[in-house]
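Examining the three-dimensional arrangement
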Amino acid sequence: MQIISTSGNPDIATVYLADLGDGRLIEFVESVQPPIAREDKWVLIISTLQGCPVGCSICDAGQFYRGRLSEEELWVQLDYLVKSRYPDKKIPASKFKIQFARMGEPTFNQSVLTVLRKLPERYHAPGLLPSLSTVAPAGVNSFFDQLLEVKQEYYHQGNFQLQFSLHSTNQEYRDKLIPVKKWSFSDIARYGDRFYQPGDRKITLNFVLTNTTPIDPNILLNHFDPATYLIKLTPLNPTYRSQEHELETAIDPYNESTDSSITNALKKAGYEVILSIGEPEENLIGSNCGQYIQAHLRNESGLIDGYRYPLNKY
Ligand code: SF4
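Residues numbered from 1 in each chain as written. Predicted model: local features only at pLDDT ≥ 70, side-chain atom pairs only at ≥ 80, totals over all residues. Heavy atoms only, no water.

**With respect to the overall build of the protein chain**
As a reminder, the rule being used: A run of H or I in DSSP becomes a helix once it reaches four residues, and a run of E becomes a strand once it reaches two; helices and strands are each numbered from the N terminus. Two things to know: the radius of gyration comes from C-alpha atoms, and the globule rule equals 2.2 Å times the number of residues to the power 0.38. Note on classification: 1.4 Å probe, protein chains only; a residue is buried when its accessible area is under 20% of the maximum for its type, exposed when over 50%, partly exposed between these limits. Between two residues, a contact is recorded if the distance between any of their heavy atoms is within 4.5 Å.
Within the protein chain, the regular secondary structure consists of ten helices and 13 strands. The C-alpha radius of gyration computed for the protein chain amounts to 18 Å, which stays within 12% of the reference 20 Å derived for 314 residues, consistent with globular compactness. In terms of overall dimensions, the protein chain has a C-alpha envelope of 50 × 45 × 40 Å along the principal axes. The buried share of the protein chain, reckoned over its 314 residues, is 56%. Taking the contacts inside the protein chain whose residues are at least 6 apart along the sequence as the reference set, 73% of them involve residues at least 24 apart.

Below, the structure written as structure tokens:
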């Protein structure tokens, strides 16, 4: 793998653009969460596919698909980031989060499971916390069954984070944002209820809030027990895809008090709610969810509030 360039600020996030050696380009990210020190929380976000066949209408990584990354190509991203900071592979962070979320729906790649099985031996990382976010596509039941086994064997008692990106309780709207065949809420709940064991982290139900997102707490309550599931609300990040679909964020990343009505309704229904805003600067770095710097490089018009950091060539 050859790093081509980077974008970012080491005190917030850095995006790495790399050539896998045969012209295939990927991106991966390391980030921290100020004011939390890197020694306390360190987050790596890697790609699992080249492009993504799901093609969510909020995500710039889903505009093309050229296949899965191999196990080795997953390790090469992690090893590069780990060895850059900790050559002895001893990671002191009390929370060392690895997200399989930069580019690609992770359940389409069985190598993600292999990496999950080997991670605890690969690095000395007492704070290891893998995190898998999925839109729950249909046809990958075997992946989900194995994921449950992996969690039970290596990451039980709160050392794994599972997130389902639902985005809306209205199925038509959900289909608009995630245009593939996928599990129904009943399917997700059936699996989630099996996945969750006492001592585990609650399963996250994620909603990227646009200004037209329908969310009905009663529909959620029909399927998802607040004792097992929590809700995460995130802003719609500035992407070319969301602009193309004329979607606008309902959460202002510069103002944490926005859209309290939905938050309050979900809390009233009994859910723990996380308003996940993060550093607005990440929109300018290009490290936020759904952003893909290579999409920007192909699109000279730019985006208001979107990526604008200079690329540091290697
Ligand atoms: S959000 Fe995830 S599943 Fe959707 S297109 Fe992007 S990478 Fe694929």
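What follows continues from the structure just given.
**Re the packing of aromatic side chains**
So the rule is basically this: Whether two aromatic rings pair depends on their centres lying within 6.5 Å, for rings of Phe, Tyr and Trp, where Trp uses its six-membered ring; planes under 30 degrees apart make the pair stacked, over 60 edge-to-face, and the rest tilted.
This model, assessed by the stated rule, comprises 20 aromatic pairs. Between the aromatic rings of Tyr155 and Phe160, the centroid separation amounts to 5.8 Å while the plane-to-plane angle is 45 degrees, which identifies the pairing as tilted. Ring centres of Tyr191 and Phe195 lie 5.7 Å apart, and the angle between their planes is 40 degrees; this geometry places the pair in the tilted category. Residue Tyr191 and its partner Phe195 are both found in helix α5 (residues 185-195); the two are separated by four residues, about one turn of the helix.

**As for the site of the ligand**
Rule in force here: For this purpose, a residue is taken to be near a molecule or strand whenever a single non-hydrogen atom of the residue falls within 4 Å of it. Ten residue types, Ala, Val, Leu, Ile, Met, Phe, Trp, Tyr, Cys and Pro, are classed as nonpolar, four, Asp, Glu, Lys and Arg, as charged, and the remainder, Gly among them, as polar.
Surrounding the ligand, one finds Cys52, Val54, Gly55, Cys56, Cys59, Gly62, Gly104 and Glu105. Counted by class, the shell around the ligand contains four nonpolar, three polar and one charged residues.

**Notes on the nonpolar core**
The criterion, for reference: For the purposes of this section, nonpolar cores are sets of buried Ala, Val, Leu, Ile, Met, Phe, Trp, Tyr and Cys residues that join through side-chain atoms within 4.5 Å.
Membership of the largest hydrophobic core comes to 85 residues, with the highest contact counts inside it found for Phe96, Leu119, Leu147, Phe164, Leu220 and Phe224. Not counting residues within four places of it along the chain, the set of residues in contact with Phe96 comprises Trp42, Leu44, Val82, Ile91, Tyr123, Ala125, Gly127, Leu128 and Leu129.

**Some remarks on the sheet that holds strand β1 (residues 2-9)**
As a reminder of what qualifies: In this scheme, strands are said to pair when DSSP sees at least two bridges between them. A fitted line through C-alpha atoms serves as each axis, taken over the contacting stretch for helices, and the angle formed by two N-to-C directions is quoted from 0 to 180°.
An order of β12-β11-β10-β9-β8-β7-β4-β3-β2-β1-β13 is seen for the eleven strands of this open sheet, with the pairing classed as mixed. Strand pairing shows two members of the sheet lacking a second neighbour, β12 (273-275) and β13 (312-313), which therefore form its edges. Of the pairings in the sheet, the one linking strand β8 (residues 128-134) to strand β9 (residues 161-165) comprises four bridges and is parallel in character. Note on β9: the bridge partner recorded for Thr134 is Phe164. Packed on one face of the sheet, helix α2 (residues 111-122) meets β7 (95-99) and β8 and runs near 165 degrees to β8. Docked against the sheet, helix α8 (residues 260-268) engages β10 (203-209), β11 (229-235) and β12, running at close to 180 degrees with respect to β11.

**Some thoughts on the side chain of Thr213**
Heads up, the rule is: For this analysis, a polar contact is any N or O atom pair within 3.5 Å, provided that within protein one partner can donate a hydrogen and the other can accept it, and provided that sequence-adjacent residues contribute only side-chain to side-chain pairs.
With respect to the helices and strands, Thr213 occurs in the loop between β10 and α6 (217-223). Its relative accessible area of 11% is what places Thr213 among the buried residues. For Thr213, the side chain forms a polar contact with the main-chain nitrogen of Thr210, separated by 2.8 Å. Look past the residues within four positions of Thr213 in its chain and what remains in contact with it is His167, Ser168, Tyr173 and Val208.

These figures come from the coordinates and say nothing about function on their own.
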